[in-house]
Amino acid sequence: MNLRDQARKTIERYQEVEGRLQSPDVLADQAKVRDLSKQHKDLQEPVERSRAYLEMLADLETWKKGAEDNSDPEMQGMAREEVARIEEALPGIEQALSFLFIPKDPADERGVMLEIRAGTGGDEASLFAGDLFRMYQYYIATRGWRLEVLSNSEGTAGGFKEVLAEVTGDGVYGVLKYESGVHRVQRVPDTETQGRVHTSAATVVVMPIADEMDDIQIRDEDLKIDTFRAGGAGGQHINKTDSAVRITHLPSGMVVACQDERSQHKNRAKAMNVLRSRLLDARLAEAEAKESAARKSLVGTGDRSAKIRTYNFPQGRVTDHRINLTLYKLDAVMKGDIQELIDALALEASAEKLRALERQG
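Residues numbered from 1 in each chain as written. Predicted model: local features only at pLDDT ≥ 70, side-chain atom pairs only at ≥ 80, totals over all residues. Heavy atoms only, no water.

S.K.: Go over the pattern of salt bridges with me, naming the residues and quoting the values.
M.R.: Enumeration over the complete set of coordinates arrives at 25 salt bridges. For Arg-13, the salt bridge identified is with Glu-16, shortest N-O distance 3.1 Å. Pair noted here: Arg-13 and Glu-16 are both in helix 1 (residues 3-21), with a separation of 3 residues, about one helical turn. Judged by relative accessible area, Glu-16 falls into the partly exposed class, the value being 42%. (Salt bridge = Lys/Arg side-chain N within 4 Å of Asp/Glu carboxyl O. Helix = DSSP H or I, 4+ residues; strand = E, 2+ residues; numbered from the N terminus. Buried < 20%, exposed > 50% of the residue type's maximum accessible area, 1.4 Å probe, protein only.)

S.K.: Can you explain helix 4 (residues 73-100)? Please cite residues and give values.
M.R.: Relative to the 40 Å expected for 28 residues at 1.5 Å per residue, helix 4 spans 40 Å between its end C-alpha atoms, a close match to the ideal helical length. The sharpest bend along helix 4 comes to roughly 35 degrees, located at Leu-90, with the proline Pro-91 sitting one to four residues further on. For helix 4, the full list of buried residues reads Gln-76, Ala-79, Val-83, Ile-86, Leu-90, Leu-97, Ser-98 and Phe-99. One side-chain oxygen of the residue at the start of helix 4 lies 3.1 Å from the amide nitrogen of Glu-74, identifying that residue as Asp-72. (Expected span 1.5 Å × (residues − 1). Bend = angle between axes of the 7 residues up to and from the residue. Polar contact = N/O pair within 3.5 Å; in protein donor to acceptor, adjacent residues only side chain to side chain.)

S.K.: Account for the sheet that holds strand 3 (residues 160-168), with residues named and values stated.
M.R.: Reading across from one edge, 2-3-1-5-4-9-10-11 is the order of the 8 strands in this open sheet, with mixed pairing throughout. At either end of the open sheet lies a strand with only one pairing partner, and these are strand 2 (146-154) and strand 11 (325-327). Averaged over all neighbouring strand pairs, the angle between strand axes comes to 15 degrees, with direction disregarded. For strand 4 (residues 181-187) and strand 9 (residues 307-312), the ladder comprises 5 bridges, and the chain directions are parallel. Bridge pairing in strand 9 links Val-182 to Lys-307. (Pairing = 2+ DSSP bridges. Axes fitted to C-alpha atoms, helices over the stretch in contact; angles between N-to-C directions.)

S.K.: Can you break down unusual backbone geometry residue by residue, with the values?
M.R.: Phi angles above zero are rare outside glycine, and Asn-324 is one such case at about 55 degrees. You can see Asn-324 is positioned in the loop between strand 10 (317-320) and strand 11. Of the residues examined, Asn-324 reaches a relative accessible area of 69% and is grouped as exposed.

S.K.: Can you lay out the environment of Gln-186 for me, pointing to particular residues and giving the numbers?
M.R.: Mapped onto the elements, Gln-186 comes out in strand 4. When its relative accessible area of 15% is taken as the criterion, Gln-186 is described as buried. Distance from Gln-186 to Asn-312, taken between C-alpha atoms, is 4.8 Å for residues 126 residues apart in sequence. Ignoring anything within four residues of it in the chain, the contact list for Gln-186 reads Val-197, His-198, Thr-199, Thr-310, Tyr-311, Asn-312, Phe-313 and Pro-314. Within the local environment of Gln-186, its side chain forms a polar contact with the side chain of Asn-312, the two groups lying 2.7 Å apart. (Contact = heavy atoms within 4.5 Å.)

S.K.: Tell me about the nonpolar core, and please be specific about residues and values.
M.R.: Counting 35 residues, the largest nonpolar core has Ile-116, Leu-132, Tyr-136, Leu-176 and Tyr-311 as its most contacted members. Of all the elements in the fold, those that place two or more residues in this core are strand 1 (112-118), helix 5 (123-143), strand 3, helix 6 (172-176), strand 5 (198-208), strand 11, helix 8 (330-334) and helix 9 (339-360). Ranked by residues supplied to this core, first place goes to helix 5 with 8 residues. Membership of the second largest hydrophobic core comes to 21 residues, among which are Val-17, Leu-54, Leu-90 and Phe-101. (Core = buried A, V, L, I, M, F, W, Y, C linked by side-chain atoms within 4.5 Å.)

S.K.: Tell me about the packing of helix 1 against helix 3 (residues 30-67), and please be specific about residues and values.
M.R.: The description of two packed helices rests on the angle between their axes and on the distance between the axes. Running from N to C, helix 1 and helix 3 cross one another at 140 degrees; their axes reach a closest spacing of 8 Å. Handedness of the crossing formed by helix 1 with helix 3: left-handed. A class-by-class count of the residues in the contact of helix 1 with helix 3 yields 14 nonpolar, 7 polar and 6 charged. (Left-handed = near helix turned anticlockwise from the far one by under 90°. Nonpolar A, V, L, I, M, F, W, Y, C, P; charged D, E, K, R; others polar.)

S.K.: Got a sec to walk through the side chain of Arg-110? Specific residues and values, please.
M.R.: Along the chain, Arg-110 falls in the loop between helix 4 and strand 1. A polar contact of 3.1 Å, which involves the side chain of Arg-110, links it to the backbone oxygen of Ile-209.

S.K.: Can you tell me about the confidence of the model for the protein chain, naming the residues and giving the values?
M.R.: Per-chain confidence: the protein chain averages 86 in pLDDT, with 90% of residues scoring 70 or above. With pLDDT under 50 throughout, residues 232-239 is counted as low confidence; its partners more than four residues away or in other chains account for 9 contacts. (pLDDT = per-residue confidence, 0-100.)

S.K.: Could you give me a rundown of the side chain of Asn-312, with the residues and numbers involved?
M.R.: Along the chain, Asn-312 turns up in strand 9. Excluding anything up to four places from it in sequence, Asn-312 contacts Gln-186, Arg-317 and Leu-330.

S.K.: Can you tell me about the packing of aromatic side chains, naming the residues and giving the values?
M.R.: Within the structure shown, the criterion is met by 3 aromatic pairs. Pairing Phe-133 with Phe-160 gives two aromatic rings, centres 5.6 Å apart and planes at 85 degrees, and the pair type is edge-to-face. Residue Phe-133 is found in helix 5, and its partner Phe-160 is found in strand 3; the two are separated by 27 residues along the sequence. Using a relative accessible area of 5% as the deciding quantity, one classes Phe-133 as buried. Relative accessible area serves as the criterion here: at 15%, Phe-160 is assigned to the buried category. Relative to Trp-145, the ring of Tyr-139 lies with its centre 6.1 Å away and its plane at 85 degrees, an arrangement referred to as edge-to-face. With a relative accessible area of 10%, Trp-145 lands in the buried category. Arg-187 extends its terminal NZ or CZ atom over the ring of Phe-313, reaching a point 4.9 Å from the ring centre. Lying across the ring of Phe-228, Arg-246 places its NZ or CZ 4.5 Å from the centre. (Phe/Tyr/Trp six-rings, centres within 6.5 Å; stacked < 30°, edge-to-face > 60°. Lys NZ or Arg CZ within 6 Å of the ring centre and 35° of its normal.)

And the structure:
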């Protein structure tokens, strides 16, 4: 299907959804109303761009006819200028519209489980994991999303050995999903007396929150559930009851612990949500890895062990290795100014998908 036909079909689909939203049968079913309202909202930008594109194509045909009319030389010259202007603008408009027609990942609208683990580098890796967590906290706040820490293990010198948080809001996974991978830092640690630059790493995993539609089967006999007392460093804030919960999923070997709530029941429920999300994430990562291999994806989420980004403090730069993008604003990035990185990754991912669709079509 060519772009003109896709634009027309999109407008027809929008009109159909609008009509259904006014149907008494639909209005009586809140689930249908929510689904159609979301479709209506999602179609608004593609429809607006489609209408503008079709209008531009119609104008182009009109001006071309004017350029062929020899009766008025002045009008003919004006028509030729308009033809040239439209033909120059069309490729960019067509590319932008094509991106809007790429099928969306259904998981993009979901919230996420954000997990950060210190890697190689000892105390410095834990401090860097803490820096990354604060970076995401700042960014999440600018988006108006909600972040809730589910569990954490602090490093001996600060930061985190690991931290797990739930992030909820509109379109969280679609925005954060390309953050998964190994993040590397190059800087002089506070404990370094010789002024040498050390390299440390932390792993970030972004998992879509599972819901009842995902068909994640977890049998009771596949679970080993332990309870323990949650407490802070040095014996502070120690819980007097075994409210913290650790769940081991025997078939996969996945272990989830949750200790943020005082209630064992609430911690167990949250730990089960995390386990379901990890199992869903493993399924999605496997599928993405296969798809990425097929289309040689640069920014796919399949390989969580890949080094994706380096934060170089002496030079004040951050480099995303997947798209060879370097920004010399490290201080701003560490304070949550990561939208430019996210937008560049999303654009490259869309371009990859578009090229794959063009090869198929």
